[in-house]
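Each chain, letter by letter, is given below.
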Amino acid sequence: MNPVYRQARFISSAPDITLLPQDKVREIAFAGRSNAGKSSALNAITDQKQLARVSNTPGRTQMINLFELPDGQRLIDLPGYGYAKVPDAIKRHWQTHLQRYFVEREQLAGLILIMDIRHPLQDLDWQMIKWCAAEDVPLHILLTKADKLTYNVGKTTLLQVQRAIEDANIVATLQLFSATAKNGVDDVHEVLDAWFTGQRLV
């Protein structure tokens, strides 16, 4: 495990992109459907139990949360999407600002997209994937909760998702991940390390 990620610390929250820092620091965003395991993934990746708040209530993350690394670069926790009980006005607000984040945020060095391996490639996941493709944002997909499936079933699902992405002519990398078992953490660190230094994996 790269020890730098253990030193990530929460610095601020913002309700929309206009209040994010206006600097030249690279940031890597994490996005995913509500309850896909985004907060748990962030905590596993940073080896911290409560860096990102984990809740059994989907839709809990309603702000853009910023976590700073020792060198000043940032991990960005974007609001979860797709939860039916969130008021329509908030859904519209998130939708607008998520899209603006992809289009306007020059500091964005890549997106880690979180998908529950048991329910991958939902409509809103595809929207995030297509935004990345349209704006040429590097994309890495984590198929989380892989410990809920047998290895063979998980591997088959991984290949199916990979094929669907390729059939859509979209370039992305992807992997199995389990926050509970800490499986796949080192692979994510390799992606983050590359993106933070300006490298592209594919």
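Our subject is the structure that appears above.
Now for a quick tour of the structure. (Residues numbered from 1 in each chain as written. Predicted model: local features only at pLDDT ≥ 70, side-chain atom pairs only at ≥ 80, totals over all residues. Heavy atoms only, no water.)

### Some words on a nonpolar patch on the surface
- A cluster of nonpolar side chains, namely Val 171, Leu 201 and Val 202, defines an oily patch on the protein surface of about 280 Å² accessible area.
- Here Leu 201 lies in the segment after α5 (185–196). (Patch = residues over 30% accessible without salt bridge, like charges linked within 9 Å, V, L, I, M, F, W, Y side chains within 5 Å. Areas by Shrake-Rupley, 256 points an atom, 1.4 Å probe, with all protein chains shown as cover. Salt bridge = Lys/Arg side-chain N within 4 Å of Asp/Glu carboxyl O. Helix = DSSP H or I, 4+ residues; strand = E, 2+ residues; numbered from the N terminus.)

### Notes on the sheet that holds strand β7 (residues 173–176)
- Strand order in this open sheet of 7 strands is β1-β3-β4-β2-β5-β6-β7, and the pairing throughout is mixed. The outermost strands of the open sheet, each flanked by one partner alone, are β1 (9–14) and β7. Neighbour-to-neighbour, the strand axes of the sheet open up by a mean angle of 20°, direction not taken into account.
- As judged from the 6 bridges shared by strand β2 (residues 27–32) and strand β5 (residues 108–116), these two strands associate in the parallel manner. Considered in β5, the bridge of Ile 28 is made with Gly 110.
- Across the sheet, helix α4 (residues 151–167) lies against β5, β6 (139–144) and β7, angled at about 165° from β7, the strand it touches most. (Pairing = 2+ DSSP bridges. Axes fitted to C-alpha atoms, helices over the stretch in contact; angles between N-to-C directions. Contact = heavy atoms within 4.5 Å.)

### Structural notes on the nonpolar core
- One finds Leu 78, Leu 111, Leu 113 and Ile 141 to be the most contacted residues of the largest nonpolar core, which totals 34 residues.
- For this core, the elements supplying multiple residues, two or more each, are β2, β3 (64–68), α2 (88–104), β5, α3 (123–135), β6 and α4.
- Each residue touching Leu 111, except ones within four places of it in the same chain, is listed here: Ala 29, Phe 30, Ala 31, Leu 78, Phe 102, Cys 132, Val 137, Pro 138, Leu 139, His 140 and Trp 195. (Core = buried A, V, L, I, M, F, W, Y, C linked by side-chain atoms within 4.5 Å. Buried < 20%, exposed > 50% of the residue type's maximum accessible area, 1.4 Å probe, protein only.)

### As for the pairing of strand β4 (residues 74–77)
- The two faces of β4 match: Arg 74 and Ile 76 on one face and Leu 75 and Asp 77 on the other face are all buried.
- Pairing of β2 with β4 involves 4 bridges; the strand directions are parallel. Following the sheet pairing, Glu 27 is matched in β4 by Arg 74.
- Across 4 bridges, β3 lies against β4 in antiparallel orientation. By the bridge assignment, Asn 65 is partnered in β4 with Asp 77.
- Where β3 hands over to β4, the hairpin turn is made up of 5 residues, of which Gly 72 adopts a positive phi near 95°.

### Looking at the pattern of salt bridges
- Evaluated as defined, the whole model comprises 11 salt bridges.
- The salt bridge partner of Asp 23 is Arg 74, with a shortest N-O separation of 2.9 Å. Taken as a pair, Asp 23 in the loop between β1 and β2 and Arg 74 in strand β4 lie far apart in primary sequence, 51 residues in all.
- Asp 23 gets classed as partly exposed once you look at its relative accessible area, which sits at 26%.

### Topic: the side chain of His 140
- Mapped onto the fold, His 140 is located in strand β6.
- By relative accessible area, which is 4% here, His 140 ends up buried.
- At a separation of 2.6 Å, a polar atom in the side chain of His 140 contacts the side chain of Thr 173.
- Setting aside its immediate chain neighbours within four residues, His 140 contacts Leu 111, Ile 112, Leu 113, Thr 173, Leu 174, Gln 175, Val 191 and Trp 195. (Polar contact = N/O pair within 3.5 Å; in protein donor to acceptor, adjacent residues only side chain to side chain.)

### Details of the environment of Trp 131
- The residue Trp 131 is located in helix α3 in this model.
- Judged by its relative accessible area of 12%, Trp 131 falls in the buried class.
- Residues Trp 131 and Ala 36, 95 residues apart in the sequence, show an inter-C-alpha distance of 19 Å.
- Contact partners of Trp 131, with chain neighbours within four places excluded, come to Gln 95, Leu 98, Gln 99 and Phe 102.

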